[in-house]
Each structure stands twice: as C-alpha cells, then as structure tokens.
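# Report on the structure
So you can see what is in the structure, the chains are spelled out below.
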Amino acid sequence: VIMKIEMLEGIEAVIFDFDGTLADSMWMWKNIDIEYLKRFGIAPHDTLQDEISGMSFSETAVYFKEHFHIPDSIQEMKDTWNGLAMNKYRYEITPKSGAIDFLAYLKSHNIKMGVATSNSRELAEVGIESIGAKEYMDTVRVSCEVKAGKPAPDIYLLVAQDLGVLPEHCLVFEDIVNGLMAGKSAGMKTCGVEDEFSAREVHDKKAIADYYIQSYEDILNNTYEVLK
C-alpha cells in the first residue's frame, strides 16, 4: 500500500512531456541531427541541442533551414527526420524507470493524463505506444498545433483544456528547463525529471520546479525532492 502522495494533493490531471520525461529517447535526437547535417557536409556546433531545446518540430526545421541554409523544404526536412527516427521510436526507445507503474497508479486514482510534446505527431504516437503508455493517455498534443513551442505555455494550456481541468489542478513532468518554464507560465505545478542529456541544467531545473525526481520510483516510494 502506497502512502498518500503529497505531490498529488489537489491534482486532477498530470501532463507529461515525452522525450527524456516519459521515454528514454534524448540520445537519439543528437545522433539524428549529426547524421542529417552530415548529408550537407555540416558539423553541428556544441550548443545546437541547447538552442533548439523546447522548440516545436516545425520551429526546429525553420531554425535548421535559416541557420544551416539547408536546401530542403521545411516539409522535406520534417519527413526526413520522421523517417530517421521512426524505427528507433518503434523498436529502440524504452520508458523511463518506474514510469509505467506511475501511470497505472494515476489511472487507478482517476487522475487524468495527457502528453504535451515538441516532437512530431507521427513519432509521438508511435513512441507512446511502443513504451506501453498509450492506454493511459486521454489526449496527446504536439507543439506544432499551437502558436509557439516551449517555453511558451500554449501547449500545456491546450492539453489542460482537452482534459477539462483548470491549470492550477495540473501537474507537469518535464526534463528540460524550457519545458518547466512552459508549465510554470501555464500556472501549473511542475516536477523536474532527471535525464542525462540535461544533467548540467539540474540546478536551473530545480530552481524552477516544485518537485524533482531521479526516477518515477521516487514518487511511489515517497522519496522525491520537494523544492518549493
């Protein structure tokens, strides 16, 4: 029997980012960016991942086009990325430790769930299914469906609207600073999630978030960090 989880008091909906939050998949994007730019004889600069952090799939394509002067159209770029990533999303990504147990816990306590991701819809849907999270999600939204990607709050507000829950009764899980800022700007509670690809941002993440976890087992064991 799990003790009462303080973090979930007054919470009617939990909204998750996908990559690096629910799924262990961030390793892949860096590889794809390198592989893609190599086709044009370009080596990505060290800060590329930071610069595109939180951008929607479309915003990232625009950034690449303007920054690296890629000849392909925005749509061609997105199609290529989807193609490069699709098999990895289908067969190689795994859920973050304890994530599925936590989703099952939320469902058994009638807490609504949604995904708010900067990824493309095609990949998000395949990824959510491949890690075994599909049956738990009431809605999935991608940043391309709103005016601005994270750190703007738009996508989180849209998911809350889908779920019919006021922002102050929502809890957001995010692995990156821009995502936590998006959740905060939406007026929601936020929990930072440990991920090796944002390890050097850990202090910034903790400065923004209300809670912090190394893995979802921390919540079920009541060993998560309360920051605010």
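Refer to the structure presented above.
This section reports on the structure supplied with the text. These figures come from a predicted structure and were not determined experimentally.

## Quick notes on the nonpolar core
Ranked by size, the top nonpolar core spans 58 residues in total, and within it Met7, Phe16, Leu22, Phe64, Phe173 and Tyr216 carry the most contacts. Residue contributions to this core peak at 6 residues, all from helix H4 (residues 74-91). Apart from residues no more than four positions distant in its own chain, phenylalanine 64 is found in contact with Asp33, Tyr36, Leu37, Leu48, Ile52, His69, Ile70, Met77 and Trp81. Ala116, Val165, Val172 and Ala186 belong to the second-largest nonpolar core, a separate cluster that totals 16 residues.

## Comments concerning the packing of aromatic side chains
Evaluated as defined, the whole model comprises 16 aromatic pairs. On the basis of an interplanar angle of 80° and a centroid distance of 6.0 Å, the ring pair of tryptophan 29 and phenylalanine 57 is categorised as edge-to-face. In this pair, tryptophan 29 is assigned in helix H1 (residues 26-38) and phenylalanine 57 in helix H3 (residues 57-68), connecting sequence segments 28 residues apart. Assessed through its relative accessible area of 13%, tryptophan 29 is described here as buried. In textbook terms, an aromatic cluster arises when at least three aromatic residues are bridged by ring pairs, as seen for Phe18, Trp29, Tyr36, Phe40, Phe57, Phe64, Phe68, Trp81 and Tyr89.

## Looking at the packing of H4 against helix H6 (residues 121-130)
In the contact formed by H4 and H6, the axes pass within 9 Å of each other and the chain directions differ by 10°. What the angle tells us is that H4 and H6 run roughly parallel. Residue-level inspection shows Asn82, Ala85, Met86, Tyr89 and Arg90 of H4 in contact with H6, the latter providing Glu122, Leu123, Val126, Gly127 and Ser130. Looking at the contact of H4 with H6 residue by residue, the classes come out as 5 nonpolar, 3 polar and 2 charged.

## Some words on the pattern of salt bridges
Evaluated as defined, the whole model comprises 11 salt bridges. As a salt-bridge pair, glutamate 125 and arginine 121 come within 2.7 Å of each other at their nearest N and O atoms. Residue glutamate 125 and its partner arginine 121 are both found in helix H6; the two are separated by 4 residues, about one turn of the helix. Its relative accessible area of 40% is what places glutamate 125 among the partly exposed residues. Close ionic contact of arginine 141 with glutamate 145 constitutes a salt bridge, the shortest N to O distance being 3.4 Å. Taking relative accessible area as the criterion, glutamate 145 reaches 37% and is therefore assigned partly exposed. Each of Arg121, Glu125, Arg141, Glu145 and Asp162 takes part in salt bridges that share partners, so that together they form one network.

Scoring rules and cut-offs
- Residues numbered from 1 in each chain as written.
- Predicted model: local features only at pLDDT ≥ 70, side-chain atom pairs only at ≥ 80, totals over all residues.
- Heavy atoms only, no water.
- Core = buried A, V, L, I, M, F, W, Y, C linked by side-chain atoms within 4.5 Å.
- Buried < 20%, exposed > 50% of the residue type's maximum accessible area, 1.4 Å probe, protein only.
- Helix = DSSP H or I, 4+ residues; strand = E, 2+ residues; numbered from the N terminus.
- Contact = heavy atoms within 4.5 Å.
- Phe/Tyr/Trp six-rings, centres within 6.5 Å; stacked < 30°, edge-to-face > 60°.
- Axes fitted to C-alpha atoms, helices over the stretch in contact; angles between N-to-C directions.
- Parallel < 35°, antiparallel > 145°, perpendicular 65-115°, else oblique.
- Nonpolar A, V, L, I, M, F, W, Y, C, P; charged D, E, K, R; others polar.
- Salt bridge = Lys/Arg side-chain N within 4 Å of Asp/Glu carboxyl O.

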